[in-house]
Amino acid sequence: MGKRTTRRSGAVPRQGRRVMPALRRTAQRARAAAGKVHLTVGEVIAAAFETSGGELVEVLAQLTSPQMTRALGRRIVVEG
């Protein structure tokens, strides 16, 4: 049963909502903020190589990090 709030004329039903999981919520915000920017996977990998100085272990750590997942709204899985 929904919650009720009162007004001068009487009780008015309110509709509640469930909170979206945090990962989906932050990903949705990131996509909305970066809606005009289109990045390819290759560009993301190239940027990771530039920031890490070419160290493969650090590149993999950056690409699979929770921060990158939140920023892109997608999880990157590296197989190999």
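Residues numbered from 1 in each chain as written. Predicted model: local features only at pLDDT ≥ 70, side-chain atom pairs only at ≥ 80, totals over all residues. Heavy atoms only, no water.

## Remarks on the overall build of the protein chain
Scanning the protein chain from N- to C-terminus turns up four helices and two strands. Traced from its N-terminal end to its C-terminal end, the protein chain shows the element sequence β-β-α-α-α-α. Relative to its 80 residues, the protein chain shows a buried fraction of 11%. Taking the contacts inside the protein chain whose residues are at least 6 apart along the sequence as the reference set, 28% of them involve residues at least 24 apart. Summed over all atoms, the accessible surface of the protein chain reaches about 7100 Å², with 55% contributed by carbon and sulfur. (Helix = DSSP H or I, 4+ residues; strand = E, 2+ residues; numbered from the N terminus. Buried < 20%, exposed > 50% of the residue type's maximum accessible area, 1.4 Å probe, protein only. Contact = heavy atoms within 4.5 Å. Areas by Shrake-Rupley, 256 points an atom, 1.4 Å probe, with all protein chains shown as cover.)

Purely spatial values, then, with no claim about function.
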